[in-house]
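Close look at the chain arrangement
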Amino acid sequence: MKLVAPLRAFGRGDLALAGGKGANLGELIRNGFPVPDGFVVTTDAYDPEHAEVSDELRQEIAAAYAELGGGAVAVRSSATAEDLPGAAFAGQQDTYLNVIGEDALVDAVRRCWASLWNERAVAYRDRLAIDHAGVRIAVVVQRMVEAETAGVMFTANPVTGHRGQLVVDAGSGLGEAVVSGLVTPDHYVLGPSGEVAACTPGRREVVIRGAAGGGVTREKGAGTESEPLPGAVLRELAGLGTAVAAHFGRPQDIEWTYAGGEVSLVQARPMTALPPPPLGRLNPMRRKLGSVLIEYVPVRPYPIDMSTWLPYGPAGLMAQVTEYFGLHGAFEGFLREEDGVVYRMVPPAPRPSPRVLTAPFRLAAKARRYDPARWTDDPRFQAFLGRTRELAALDLGALPWPELARVPRMALDAVQPVAGLRIDYLPASGLALLRLLLAVKLLGRGRLFSALIAGGRTRTADANHALEELAEEARLTGALDGERLPAAFETKLQAFLAEYGHRETATPLLLTPPTWADAPETVLDLVRLLAAEPPAPAAAGQDALDRLLTHPLLRGRRGRARIAGWVRAARDGVAFREDSHFYFTLPLPVLRRSLVEMGRRLRDAGVLDAPQDVFHLRLEELERIEDGAGIGAVAGRELRARVTARSARREELAGVRLIDPRAVFPAREMGDALVVGAPASAGTATGPVKIIRDPSEFGRLDGGDVLVCPYTNPSWTPLFQRAAAVVVDAGGSASHAAIVAREYGIPAVMGTGDGTSVLTDGRLVTVDGDAGRVTAAAP
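The following refers to the structure shown. Values in this document were obtained by computation on a predicted structure and should not be read as measured data.

1. Thoughts on a nonpolar patch on the surface
A surface patch of nonpolar side chains, about 270 Å² in accessible area, is lined by Leu-431, Leu-434 and Leu-438. Considering the arrangement of structural elements, one finds Leu-434 in helix 15 (residues 417–442).

Shown next, in the form of C-alpha cells:
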C-alpha cells in the first residue's frame, strides 16, 4: 500500500496501518455514515528515528491534498494504541484544525508524529503498561467542517451506565471548545429515538472558530444560555449514535459537527470507564445474595481467578451445595466479563428445581447421620489433608514445564471432595442454630443468642490467640522496635505462618490477592496493633450460658442439660462453618505459587514483564503452552498482546464499581444520621473514624478508633480487639464481621453501602449497633 491512501480504503481491521482513529473513520465511511472525506498518512510513512517527511512522502501528501480539493483540513493523530477498549488515548496526541496549504499540512503531520512522544502520551502508555517500542502512528487528514455547533455524543450514559440513553454535549463553533473543557456545553440526555429526557443549557464562555489564513481563534462568548439544538438534529444524532454503536458492537464516544443543516461524524471510539448498566429493582433474595457477594468480592477478579478458584473454590462449592438441595444458580454467573475482564456483578436469581420438594427429608437425614462435632474424623477430610500436604511439598521451581502446568488442576481437584463434606455436615449445623434460636426466643432471652454461640473454639479464634501471643512477646521484648526481627521472634513468626499463612488477606473467593504468607507485613501490622496495649477480653460465652440457665423454666437438671447440649451443638455448627473455611483454603497457596512460577518462567522468556502478569491470562491459555521457556515467537507475541489489552482494560475500569451498592442496600430513613445500615451487634460507642480500605492499611488503626471499612473477612478480626465499633459498607448480621463484633461486645453496623465514602478519618461519631445508625458526636 502507498504511504498515503484515501480514508475510505481502511476498515476496522486496519488498525496497524491507519491507527485507531483512521481505521474507525474508514469503517464508518465504508458503511455509509456521514464522515468528511479525507486520507491517511499511514504508519508505514512514520520513521521513529528521524520523524522527517521525505520528498517521496511530501509528494504523496500533496497529491492526496489536491485530490481532496485543497483548502482547510483537520489533521489528527491516529496511533496504533488509540481507541482500543481500555485505552482511548483521548487528547494524548495532537490535533490541528483549519490547516491551510501544503507546507502547513506537512508541518502538521510532522508535529502529529512528534506528539507520540510528548510527556502526557508517554505517561499514559506507562500507566497502561503499553510497550513504547510497539506503538506506531498514522495521521488522519479530513476536509475541514466550519461548524456552527459541534460537540461530543456518548451512546450510553457515562454516569449511570444506562445503555438506553444517549448523552450529547454541544457548543457553538468548533468542537474543540467542548472536547478540551473550555466551555460549559449544552447538555442533553436523550432516549433512543432522540426524545429529550433532560436538558441543561450551557453558557458559551468561549467560541473557537477557524481563522481566515489558517489556524483557529478563540472568541469570548456571550456567557449566556445558547439556543438549543433543533429537535430534528437531536433525533438525527440519536439515530446516528445508535447505529454506530450497533455497528461496532459496543457503546461509542463520538465527536460530531453541525453545519449547513447537516450532521457529520469526525471521530468514533469505544467509550471507556463506562459503569455497568443499572440493575433495576432487585427482589429480597437477590439483594441478600448481593450483600454477600459484595463482601466476598471486594476487588475486581482477574482472568486467572475466573478460570480457577472462583468456579472451583468456595463459590463453586457452595453452588454444588445449593444445587444438591434443589436451588439452581445461587452462586453461578454473577460476574460478567467483557474483553476478557470482569466488568460487572449481577446478583443471581436462584431457581428452585423439583429436588427442593424432597430437600426437608434429605436435610433431616443428613442432620441425623453427620455430627459437625466429629467432621474432622471423616475419612474424606483426612484424605483431603493428605493430598494437600503432598501438593505443598512439591518443589515447584524444579518441575519441568509440563508437570508444573498440571499443578493448578491438581490443586483444584483436591478441593472437590469438600462439596460432599459441606452437603453432609451443614444440615446439622443449621438445624442446631435454628433450634437454639427458637428456644432462647421462647424463653424471652433472644438477646443472649449471639453470645451463646460465640463461646466455641474455632481455628479463627486459634489464629487470633496466636497473634496475641506474638504481640505479647513483641510488647515484652521490643522485637518490633529494631530494623530487623530478632532470631527467636522470627522463628515464632515463621511457625505462625506455617500454621495460618494460607489465610486470605482480601477474600477467600479469589487467588490473586496475597495470603498472609505472601504478605507477612500484614501479619506484622496486626502484631504491632495488638502489642500497643493488652487485648480487650472477648464477650464470654460461658457467662451467657450461666445467665440463660437462671431462667425459671430451666431449674430442673434435665432441662438444664438439654439446653446446655443445644448450646454445644450450635457452637459445633459455628465451628464447622469457620473451620471448614479455614481448612478448605489450604490448597490456595500452592495454586497461587504454581501460577506465579509459570509467570516467572514466561517473564524470563520475554513474554511477560513481571511474574504477576500471568494473572491476566486464563488457566486454559496457560495449559496450551507446551514449554514456557521455549515458547515460539508468534505464540509469545499473541500472549503478550492479550495481557497488554486486558491490563489496559482493567486499568480503565479501576475507578468503576462492579455494582452500585444502592441496588443492594436500598435507601433508608436517615434522620440525623450520617450513615445507616443493618444493626449487627448491639451497643453504643463513640470514637474517631479510621477508614481501613484493605489489609495493607491494618497498621493505621489505633485503639478506640471506629473501624470503617468496605468489607471484612476472618483475617480482619484481630482489628476488632482494638476498635471501639465497626461500620462496614457490605455484609449483614450473619457475616464474619458481625459475628466477631458480637464476640468482642462492640457495636457493629453492616451493609451501609457508602460508609467509606461518607465518613472521613478523624471525625468523631457515635455508632448505635441496636439501631444501625452512625451519627455525629460532639467533640
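2. As for the pattern of salt bridges
Across all of its chains, the model carries 44 salt bridges by this definition. As a salt-bridge pair, Arg-649 and Glu-338 come within 2.5 Å of each other at their nearest N and O atoms. With Arg-649 in helix 24 (residues 633–652) and Glu-338 in strand 15 (residues 335–338), this residue pair connects regions lying 311 residues apart in the sequence. You can call Glu-338 partly exposed: its relative accessible area is 27%.

3. Some remarks on the packing of helix 10 (residues 314–324) against helix 15
In helix packing, the relevant descriptors are the interaxial angle and the interaxial distance, both defined with respect to the helix axes. Running from N to C, helix 10 and helix 15 point in directions that differ by 50°, and their axes come no closer than 9 Å. As judged from the angle between their axes, helix 10 and helix 15 are oblique. The two elements helix 10 and helix 15 cross, and the hand of that crossing is right-handed. Facing helix 10, whose interface residues are Leu-317, Met-318, Gln-320, Val-321 and Tyr-324, helix 15 presents Val-418, Ala-419, Arg-422, Ile-423 and Leu-426. Broken down by class, the residue content of the contact of helix 10 with helix 15 amounts to eight nonpolar, one polar and one charged.

4. Overview of the pairing of strand 12 (residues 252–259)
Look at any regular strand and the pattern is simple: side chains alternate between the two faces of the sheet. When you tally the buried positions in strand 12, you get eight out of eight residues, the bulk of the element. By the alternation rule, side chains of strand 12 split into Gln-252, Ile-254, Trp-256 and Tyr-258 and Asp-253, Glu-255, Thr-257 and Ala-259, which are all buried. Here six bridges tie strand 6 (residues 149–154) to strand 12, and the two strands are oriented antiparallel to one another. Note on strand 12: the bridge partner recorded for Val-152 is Glu-255. With antiparallel pairing between neighbouring strands as the criterion, strand 12 and strand 13 (residues 262–270) make up a hairpin whose turn holds two residues, including Gly-260 at a positive phi of roughly 60°.

5. What about the environment of Thr-550?
Structurally, the position occupied by Thr-550 is in the loop between helix 20 (541–549) and helix 21 (557–584). Measuring from C-alpha to C-alpha, the distance between Thr-550 and Arg-560 comes to 9.3 Å, with ten residues separating the pair along the chain. A distance of 2.5 Å separates a polar side-chain atom of Thr-550 from the backbone oxygen of Arg-547.

6. Overview of the sheet that holds strand 22 (residues 725–728)
One open sheet holds the eight strands; their spatial order is 18-25-24-20-21-22-23-19, and the pairing between them is mixed. Single-partner strands in this sheet number two, and they are strand 18 (675–676) and strand 19 (678–681). Relative to strand 23 (residues 748–750), strand 22 is paired through two bridges, and the arrangement is parallel. Pairing of Val-727 across the sheet is with Val-749, part of strand 23. Its contacts with the sheet place helix 26 (residues 736–744) against strand 19, strand 22 and strand 23, and it is angled at close to 45° to strand 19.

7. Let's talk about the nonpolar core
Within the largest apolar cluster, 89 residues are counted, with the highest numbers of intra-cluster contacts made by Phe-496, Val-527, Leu-622, Leu-707, Leu-719 and Phe-720. In contact with Leu-719, other than residues within four places in its own chain, are Leu-526, Leu-529, Phe-698, Leu-701 and Leu-707.

Criteria and thresholds
Residues numbered from 1 in each chain as written. Predicted model: local features only at pLDDT ≥ 70, side-chain atom pairs only at ≥ 80, totals over all residues. Heavy atoms only, no water. Patch = residues over 30% accessible without salt bridge, like charges linked within 9 Å, V, L, I, M, F, W, Y side chains within 5 Å. Areas by Shrake-Rupley, 256 points an atom, 1.4 Å probe, with all protein chains shown as cover. Salt bridge = Lys/Arg side-chain N within 4 Å of Asp/Glu carboxyl O. Helix = DSSP H or I, 4+ residues; strand = E, 2+ residues; numbered from the N terminus. Buried < 20%, exposed > 50% of the residue type's maximum accessible area, 1.4 Å probe, protein only. Axes fitted to C-alpha atoms, helices over the stretch in contact; angles between N-to-C directions. Parallel < 35°, antiparallel > 145°, perpendicular 65-115°, else oblique. Left-handed = near helix turned anticlockwise from the far one by under 90°. Contact = heavy atoms within 4.5 Å. Nonpolar A, V, L, I, M, F, W, Y, C, P; charged D, E, K, R; others polar. Pairing = 2+ DSSP bridges. Polar contact = N/O pair within 3.5 Å; in protein donor to acceptor, adjacent residues only side chain to side chain. Core = buried A, V, L, I, M, F, W, Y, C linked by side-chain atoms within 4.5 Å.

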